[in-house]
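Breakdown of the fold
Chain by chain, the residues:
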Amino acid sequence: MSPEKATRQQTKEHNRDLVLKTIFAHDTISRAEIARITRLTRTTVSSIVSALLDENLVEEVGRGESLGGKAPVLLSLIPDSRYLIGVNLERTKFVGAIINLRGEIKEKVEIPTNKSDGQEAINLIYRLLDQLLTTNLTPIIGIGVSAPGLMNLKEGIVIKAVNLDWEDLPLADLLRRRYNLPVSVLNDSQAAAIGEYIYGTGHQPNENLIVVNVKEGISAGIIINGKLFQGDGGGAGEIGHVVVQKDGIFCRCGKRGCLETLASTSAIIRRAKLLAPEAKSSILPKKIEEISLEAIRTTFFAKDALAQEIVFTAGHYLGASIANLISILNIQKIILTGEMIRFGEAWLQSVQDAIHQSSYNKLAQDTTIEISKIESQGSILGAATAMLMDGYALLFKET
Ligand SMILES: [Zn+2]
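None of these values were measured; they are calculated from a predicted model.

A word on the overall build of the protein
The helix and strand inventory of the protein stands at 13 helices and 16 strands. Over its C-alpha atoms the protein spans a radius of gyration of 23 Å, differing by no more than 12% from the 21 Å that the globule rule assigns to 399 residues. For the protein, the C-alpha atoms occupy an extent of roughly 75 × 50 × 40 Å along the three principal directions. The buried share among the 399 residues of the protein stands at 50%. The long-range share in the protein, meaning contacts at least 24 apart out of those at least 6 apart in sequence, stands at 59%. Of the roughly 19,400 Å² of accessible surface on the protein, 49% is carried by carbon and sulfur atoms. Across the protein, 43 positive and 45 negative side-chain charges occur, with their mean positions spaced 2 Å apart.

Overview of the sheet that holds strand β2 (residues 58–63)
Taken in spatial order, the three strands line up as β1-β3-β2 in an open sheet, and their pairing is antiparallel. Two strands bound the open sheet, and with one partner strand each, they are β1 (29–30) and β2. Its contacts with the sheet put helix α1 (residues 3–25) on β1, β2 and β3 (73–77), and the angle it makes with β3 is roughly 90°. Helix α3 (residues 42–54) rests against β2 and β3 of the sheet, and its axis sits at about 110° to β2.

Notes on the sheet that holds strand β9 (residues 157–161)
As summarised here, the arrangement of the three strands in space is β8-β9-β10, forming an open sheet in which the pairing is antiparallel. Taken across any chain shown, the strands that pair with only one partner, and hence form the sheet edges, are β8 (150–152) and β10 (166–169). Within this sheet the neighbouring strands show an average axis-to-axis angle of 15°, counted without direction. Of the pairings in the sheet, the one linking β8 to β9 comprises three bridges and is antiparallel in character. Note on β9: the bridge partner recorded for L150 is K160.

Notes on the nonpolar core
Considering soluble globular proteins, one finds that nonpolar side chains tend to be buried as a cluster. Counting 42 residues, the largest nonpolar core has V212, L318, I322, L336 and W347 as the members making the most contacts within it. Broken down by element, this core gets its largest block of residues, nine residues, from helix α10 (residues 305–329). Aside from chain neighbours lying at most four places away, what touches W347 is V214, F300, V311, F312, G315, L318, L336, M340 and I341. Counting 34 residues, the second-largest nonpolar core is a separate cluster that includes L129, A161, L164 and L181.

So, the domain arrangement of the protein
Taken domain by domain, the protein comprises domain 1 (3–77), domain 2 (81–197 + 379–396) and domain 3 (202–372). Taking only C-alpha atoms, the centre of domain 2 and the centre of domain 3 are 26 Å apart. Taken together, the contact pairs 20 residues of domain 2 with 28 residues of domain 3. A combined buried area of about 1,800 Å² lies between domain 2 and domain 3, and 53% of that area is made up of carbon and sulfur atoms. For the pair domain 2 and domain 3, the interface holds two salt bridges. As a salt-bridge pair, E216 and R91 come within 3.1 Å of each other at their nearest N and O atoms. Where domain 2 packs against domain 3, one counts seven residue pairs in polar contact (both at pLDDT 80 or more).

Observations regarding the packing of α1 against α3
α3 packs onto α1 with a crossing angle of 75° between their chain directions and a minimal axis gap of 10 Å. Classed by the angle they form, the pair α1 and α3 counts as roughly perpendicular. Residues N15, R16, V19, L20 and I23 of α1 pack against T44, I48, V49 and L52 of α3. Of the residues belonging to the contact of α1 with α3, the class tally is six nonpolar, two polar and one charged.

Side note on the pattern of salt bridges
Scanning all chains against the criterion turns up 18 salt bridges. We note a salt bridge from E60 to R31, for which the minimum N-O separation is 2.9 Å. Here E60, found in strand β2, pairs with R31, found in helix α2 (residues 31–38); they are 29 residues apart in sequence, far enough to count as distant. A relative accessible area of 43% places E60 in the partly exposed class. A salt bridge links K160 to E167; its shortest N-O distance comes to 3.1 Å. The network of salt bridges with shared partners includes D173, R176 and R177.

Observations regarding the side chain of S321
Within the fold, S321 resides in helix α10. Look at S321 and you get buried, because its relative accessible area is 8%. If sequence neighbours within four positions are ignored, S321 has contacts with V244 and L259.

Some details on α1
If you check α1, its first and last C-alpha atoms are 33 Å apart, about what 23 residues at 1.5 Å a residue would give, namely 33 Å. For α1, every residue scored as buried is listed here: N15, D17, V19, L20, T22, I23 and F24.

A short note on the pairing of strand β4 (residues 83–89)
The side chains of a regular strand alternate between both faces of the sheet. Within β4, seven of the seven residues are buried, which leaves the element mostly enclosed by the surrounding structure. Here β4 shows no split at all, with Y83, I85, V87 and L89 on one side and L84, G86 and N88 on the other all buried. Where β4 lies against strand β5 (residues 93–100), seven bridges are found, and the strand directions are antiparallel. The partner of L84 across the bridge, within β5, is I99. Where β4 folds back onto β5 in an antiparallel hairpin, the turn is made up of three residues. Bridge count for β4 against strand β7 (residues 140–147) is five bridges, and the pairing is parallel.

The rules we used
Residues numbered from 1 in each chain as written. Predicted model: local features only at pLDDT ≥ 70, side-chain atom pairs only at ≥ 80, totals over all residues. Heavy atoms only, no water. Helix = DSSP H or I, 4+ residues; strand = E, 2+ residues; numbered from the N terminus. Rg over C-alpha atoms; globule rule 2.2 N^0.38 Å. Buried < 20%, exposed > 50% of the residue type's maximum accessible area, 1.4 Å probe, protein only. Contact = heavy atoms within 4.5 Å. Areas by Shrake-Rupley, 256 points an atom, 1.4 Å probe, with all protein chains shown as cover. Lys, Arg positive; Asp, Glu negative; His and termini not counted. Charge placed at Lys NZ, Arg CZ, Asp CG, Glu CD. Pairing = 2+ DSSP bridges. Axes fitted to C-alpha atoms, helices over the stretch in contact; angles between N-to-C directions. Core = buried A, V, L, I, M, F, W, Y, C linked by side-chain atoms within 4.5 Å. Domains from an automatic or database assignment. Buried area = accessible area lost by both parts, 1.4 Å probe. Salt bridge = Lys/Arg side-chain N within 4 Å of Asp/Glu carboxyl O. Polar contact = N/O pair within 3.5 Å; in protein donor to acceptor, adjacent residues only side chain to side chain. Parallel < 35°, antiparallel > 145°, perpendicular 65-115°, else oblique. Nonpolar A, V, L, I, M, F, W, Y, C, P; charged D, E, K, R; others polar. Expected span 1.5 Å × (residues − 1).

Here it is as structure tokens:
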């Protein structure tokens, strides 16, 4: 292709992405409104829209309000015109779902992992996808996998996933070859951030957002100007292994006193096991084998002083680390997700208090921090739609 032709082709694709993104962001919208938002000419918008109508991706859904002249025809995305698969690899189960273009889950499959790792875990993903692909929901245009650990997103390689015993695993390649579909692989917190950004409530196009995923491990997904910020090595937001307590306890990464050893669900379980047997006035179970996240949660909501102290201390360490993120990035919208959010508003308050104590007043005041409303679905939705974030080219592929 000549350079001029290549540039023309790029402009054409870019314009299609823009129009589609604008239609995607609205329930219904007219051609004139698209032209106003995208600053493309009406002629360009009209020709792109006709192509989208031909591809059955967009439909006309009646007329809007007239502003003097003829009432404009409204356009809308056809939610079930294409489907995507999202897979989230959790510690105890692998969950896969087929979603439509509006993020509605149409089919869901869960497989318990029984601590599988290595090739066995890969076989479980095959089983999950084989099962999902037997439905009559078509066309499926891509697969996204969200896994805990460090990823190379560009090449779809799992650099390191400790729990799954994967190292330098070309997961995207394996799945692409087996299913003949585009595949993306991303870290679960990055997936959660995308899911939250696209399908959570009240997020504006091109805004910034940090989603902090607090469960057995801790990491953050960062969205800047409506795009996932991955950093130079794909590890942006890996706050869980920053040392925050000198000479603290050993972490699974080999260092001591990482945030994860102080603020995660595993951290509070460990502390409860350490303190509960000796705490006479606490209603936490005295037998350490009975101390689980659920047991801590029950006693926490029964206002047990020790359970509260354990959870609020965890919240405090988390808040202090989030204060660092706020100071570096000055992103004003933060969402918390992961199993720790089951401790609710009181835990959130301890996180907020620590943010206020640890950061510049003005920065903290202008920041809102809240608990996710879509919870663990965020990672599945985000994995499935990650490919749409990088332009909407995927939606135009022949299927
Ligand atoms: Zn660590």
